[in-house]
Amino acid sequence: MAAPAKPAHGENGLRPARPSIPWILLMPGLVWLGVFFVIPLVQLGLKSLDDGGLGNYRKVFNDNGEVIARTFVYAFIVTVAAVLIGYPLAYFISMRSGKWKPVLLAGVVLPFFVTYLIRTLAWKVLLYSDGPVAGAMRSLGLLSKNGEILNTAPAVLGALLYNFLPFMVLPIFVSLDKIDKRLLEAAPDLYADTHTTFRRVTLPLSLPGVFAGSLLTFIPACGDFINAELLGSDKQRMIGNIIEKNFLKESLRPEMSAMSFVLMLLILGGVLMYARILGTEELA
Amino acid sequence: MRKWASSRLLGAWAAVVFLYMFTPIFVVVLFSFNGRLTDSGKWSQGRYNYTWDQFSFDPWIHIGQYPALTAAFKRSVFIALVAVAISVVLGTLMSLALVKYRFRGKGFVNTLLVLPLTMPELVLGFSLLNLFASSGVRRGYVTIVIAHVMFCVSYITTTVKARIRGFDWRLEEAAADLGATPLTTFRKVTLPLIAPGIAAAALLTFALSLDDFIITYFNSGRVETYPVRIWNLKRSSIPPQLNVFATLILVVSLALSIGGLLLQTRRNKR
Amino acid sequence: MTNRPRSPLSIPSLPAAGFNRRDFLRHAAALGLLGPALLAACGGSSGSGSRDQSSGSTDAGGADAKSVRIASWPFYIENDEDPRAAATVKKLIDAGWDVDYQTAIEDNISFSEKFAPDLKDGKDFGFDVCIPTSWMCARWISDGWAQTIPADKVPNKANVLDSLANPPWDPGRAYTLPYAIGQVGIAYYPDKVGFEITSMADFLKPELKGKVTILSEMRDSVGTFMLMMGMNPTTAGKEDALKAIAEIKRYRDQGHFKKITGNSYTEDLNLGDTWAAIGWSGDVASVQAEKPDLKWVTPSQGAMSFVDTMIIPKGGIAASAAGWMNHIYNPVVAGPLYEAIGYVSPVKGAVDNMTEAAKSSVFINPPASVKLFEFRALEKAEAAEIDDAFSAATQQ
């Protein structure tokens, strides 16, 4: 968000020769976003009230309450797991990897270079009943003879986590990397042990990264149907799967609109809260 | 001493996480070399390329065996080019306005730009579908490009913005003072300044567009992009060529990123 | 999802789903945002790799041109799946025919809803022949979305099996001709299951909990359960269907079904993660080709069948459609065609033109002991009610 104006240019830019100039530059993009992003969302809200009014929402919660709850529980689990797994990794890359830093960072992004559907399907190869992971777990006694991994919640959660983990690691890395290392060097001089330094200095300074990463993980995880469809069974379906099954059915549009609106409002609430705390410039 | 131990522990953790992140990629690449093409035109591993059969170059040699897949891939590349071209223009103009100038409503514009990035693709795709369906627009190439530009504009603007923050715009004024027309100023001064940022943003959005499935799926009508083709194909078979294409994309993106990185370090050294 | 994979007609090689260079350029131009250079580039890139584009498909266009545009189900011997087998079929059946074959139907309802605006207005939406399932054809006819078949151009119409010649919703087959008959049965791995399955009761034994899948196609699943419960789906009323749905829900709530899907059940069946599945005959035939230990049975109480049916949409070119129908209703053409696609032919004398192997296949030529039932043609309102109940029972 724009901070109070400072003289000349600097962070906030020049005062335009004519006030219309920035708006002329912005216009084509704003129109595009207005027509193809804002209007559809407004329309989605209106459509969700078609036919049944607020009853659509009641119907959605009655019929698919379990799926909606599961979607948020899954997204929550995935986000928490991503913090727990991703934070130490980001910390290692930022603080301890030395000259390997760029290489390791590239490694974090590497999965993005593989087509999403294909890298998700690769889990099928790993997880099916006669496959390598199930075999290893059986020989360790962790899986019964007829036990399965594919088509269970752990398969879906594991793949969701896999697909969105880089979204967590990168922002945490960025915020850790921005920390002035002299601060950390100063801490021991002031008789703080490593543990205290981390708790008092590093962690608070990296929290914006954790927040950003949490949103970037939580949002796509909420809206995903690919992992549940490819690797899950009947018992793992999420909001996206219901919408995906019905999106062509004209008669169900209001109900599906209500469902996506619920999803959107909950996420939007989170984002606005976040934006209030940290400002939109950070997020971008 | 404690720091050394904790480094070890962190390193081991990083190794485990990287194993988790790389195993599927390894599988994708490995399975692009799986199976022989038999005389009947079928694959020795069967319809689904899920179980290891034998190492062979056949999937790479017969990369074009599935014409609809090849066509969908080319179509996706083309759609990505068009979408990126449009969004680069729109996005660059927006980022110039936002970085260069101070004006009322800037915060609002920034928020609007961030919103598409904070919305699940599912909602973006489904709400666009609603728009097209209710206004009787037939879904196809045009609607795919529209949808892609919609999310690419935000990426381009935010990326370019970050790259060009802190430039000294008085250079432009200086050029104008020296008698350059606004167009010449843009071509000779502004563009060279912002070009690297744009190129990086364009690459990123090209990859996003090429790989986009959810939004495209809702708005593609009869047109099959590469990810949509995979989704539809999956109902009947998973041929190893899917892995070949994925591996190709991986290799090309890696080459481009490494190239870009080298270029940047050289530029920085100069 | 209710996508069925069984794709009857499988004419290979021609324009692969949805891509047509002229459309493409037209759309690109319509964007109005592209420079000429980009347009040229696109022409080049789309042209170079277009082995799948028929050589000038609909350009021939003349009155006698043997060209037809067909919307059918995905898979089976689709060009993208099995090009060489497809080429064989092509040689056999489409001599002289320029067939624009698109796997446009993923499930009956979505397909109809997708093109409903065009169908209502009688606009051409790109197909001369569509092949939805018979019950959907009945709906199209009553909605006035179909053209009558120009009977004089289809003398081979007389070859339709007697049992299919006179459905109540299309007496005398004025609008439609059956394309292929499929069976709904049980596919299973005897080794994994550990006992022989002969009936639905076996399929529902607790030992198989979580290891089996059923179909998301309402008529196929509900009908199969009705037969198990001793009802006759050809005559039974709405209440019976609802009872069968309650029974499906009871088993689902117990966690008996791993998944309730369309065609994607073949994936886990192929991997061996699914031990037994209710499936479609043509699909199972193709999985069996790879997994010889997979067994196919039709339940002893009787099995459901479906008839995917050719219909001419209002905007289609009737002459092209009729010529094509006449062509494949020639028993000499039909024999090899149905042998290749693995479904029961509705054409009299087709079996006589098949190899011995095909004649003894339970998929192509089921023995008389297999009792097949077709689901009753439902009124629109009751269909909606049963559909809703089914999706509530299987989706939520």
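Just so it is clear, the model here is predicted, and its values are computed rather than measured.

## Description of the overall build of chain A
Counting its secondary structure elements, chain A contains 12 helices and zero strands. Each helix and strand of chain A, ordered N terminal to C terminal, gives the series α-α-α-α-α-α-α-α-α-α-α-α. For chain A, the spread of C-alpha atoms along the principal axes amounts to about 60 × 60 × 30 Å. In chain A, buried positions account for 48% of the 284 residues. The long-range fraction of contacts in chain A, counting pairs at least 24 apart against all pairs at least 6 apart in sequence, stands at 73%.

## Details of the overall build of chain C
A tally of regular secondary structure across chain C gives 15 helices and 11 strands. The contacts of chain C with a sequence gap of at least 6 include a subset with a gap of at least 24, amounting to 80%.

## Here we look at the interface of chain A and chain B
At the junction of the two partners, chain A supplies 74 residues and chain B supplies 73 residues. Residue contributions to the side of chain A that touches chain B peak at 16 residues, all from helix α1 (residues 20-47) of chain A.

## A few points about the interface of chain C and chain A
Listed as interface residues are 15 residues of chain C and, on the opposing side, 15 residues of chain A. Elements supplying a minimum of two residues to the side of chain C that touches chain A: α4 (108-121), β7 (257-261) and α15 (380-395) of chain C. Class assignment for the residues of the side of chain C that touches chain A results in six nonpolar, four polar and five charged.

## Some details on the confidence of the model for chain C
Fine structural detail should not be taken from predicted coordinates in areas where pLDDT scores are low. All names here are of chain C. The predicted model of chain C averages 80 in pLDDT, with 78% of residues at 70 or higher. Note on residues 1-63: pLDDT under 50 across the span, and 150 contacts to partners over four residues away in sequence or across chains. Confidence estimates for the predicted assembly give a pTM of 0.85 and an ipTM of 0.91.

## What about helix α8 (residues 194-222) of chain A?
Helix length check: α8(A), at 29 residues, gives a terminal C-alpha distance of 37 Å against a target of 42 Å (1.5 Å per residue), a shortfall beyond 12%. At Leu203(A), α8(A) shows its maximal bend, which comes to roughly 45°, and the proline Pro204(A) appears one to four places after that position.

## Description of the confidence of the model for chain A
Residues and elements named next belong to chain A. Chain-level statistics for chain A give a pLDDT mean of 87 and a share of 92% at 70 or above. Confidence, read as mean pLDDT per element, is least for helix α12 (residues 280-283) in chain A (48) and greatest for helix α4 (residues 116-127) (96). Taken as a whole, residues 1-10 scores under 50 in pLDDT and shows 15 contacts with residues more than four places along the chain or in a different chain.

## Things to note about the pairing of β7(C)
All names here are of chain C. By the criterion of burial, β7 is predominantly enclosed, with five of the five residues buried. With four bridges connecting them, strand β6 (residues 212-215) and β7 associate as parallel partners. Bridge pairing in β7 links Thr 213 to Lys 259.

## Let's talk about the environment of Arg276(A)
Mapped onto the elements, Arg276(A) comes out in helix α11 (residues 253-278). Residues Arg276(A) and Val133(A), spaced 143 residues apart in sequence, show a C-alpha to C-alpha distance of 44 Å.

## Things to note about the packing of helix α8 (residues 218-228) of chain C against helix α9 (residues 238-253) of chain C
Residue and element names in this part refer to chain C. The geometry of α8 relative to α9 is characterised by a closest axis approach of 9 Å and an angle of 95° between their N-to-C directions. Between α8 and α9, the angle is such that the two are roughly perpendicular. On α9, the residues that touch Ser 221, Val 222, Phe 225 and Met 226 of α8 are Asp 240, Ala 241, Ala 244, Ile 245, Glu 247 and Ile 248. Residue classes in the contact of α8 with α9 are distributed as seven nonpolar, one polar and two charged.

## Comments concerning the environment of Val347(C)
Residue and element names in this part refer to chain C. Along the chain, the position of Val 347 falls in the loop between α13 (331-341) and α14 (356-359). A residue is classified by how many C-beta atoms lie within 10 Å of it, and Val 347, with 26 of them, is buried. Look past the residues within four positions of Val 347 in its chain and what remains in contact with it is Asn 159, Val 160, Tyr 329, Pro 331 and Ala 334.

## Notes on α13(C)
Burial analysis of α13(C) places eight of its 11 residues in the buried class, which makes it a mostly covered element. Residues of α13(C) that are buried include every one of Val333(C), Ala334(C), Gly335(C), Leu337(C), Tyr338(C), Glu339(C), Ala340(C) and Ile341(C), and no others.

## Comments concerning the packing of helix α3 (residues 67-100) of chain B against helix α8 (residues 182-211) of chain B
Residue and element names in this part refer to chain B. The N-to-C vectors of α3 and α8 enclose an angle of 140°; their axes lie 9 Å apart at closest approach. With respect to α8, the axis of α3 lies oblique. The element α3 and its partner α8 pack so that their crossing is right-handed. Across the interface between the two elements, Ser 76, Val 77, Ile 79, Ala 80, Ala 83, Val 84, Ser 87, Val 88 and Thr 92 from α3 touch Ile 194, Ile 198, Ala 202, Thr 205, Phe 206, Ser 209 and Leu 210 from α8. A per-class count over the contact of α3 with α8 returns 11 nonpolar, five polar and no charged.

## Description of the environment of Leu121(A)
With respect to the helices and strands, the residue Leu121(A) is situated in helix α4. For Leu121(A), a count of 28 C-beta atoms within 10 Å puts it in the buried group. C-alpha of Leu121(A) to C-alpha of Leu230(A): the two residues are 109 residues apart in sequence and 6.9 Å apart in space. Leaving out residues up to four positions away in the same chain, Leu121(A) has contacts with Leu230(A) and Ile238(B).

The rules behind the values
Residues numbered from 1 in each chain as written. Chains lettered and ligands numbered in written order. Predicted model: local features only at pLDDT ≥ 70, side-chain atom pairs only at ≥ 80, totals over all residues. Helix = DSSP H or I, 4+ residues; strand = E, 2+ residues; numbered from the N terminus. Buried ≥ 20, exposed ≤ 12 C-beta atoms within 10 Å, placed from the backbone. Contact = placed C-beta atoms within 7 Å. Nonpolar A, V, L, I, M, F, W, Y, C, P; charged D, E, K, R; others polar. pLDDT = per-residue confidence, 0-100. Expected span 1.5 Å × (residues − 1). Bend = angle between axes of the 7 residues up to and from the residue. Pairing = 2+ DSSP bridges. Axes fitted to C-alpha atoms, helices over the stretch in contact; angles between N-to-C directions. Parallel < 35°, antiparallel > 145°, perpendicular 65-115°, else oblique. Left-handed = near helix turned anticlockwise from the far one by under 90°.

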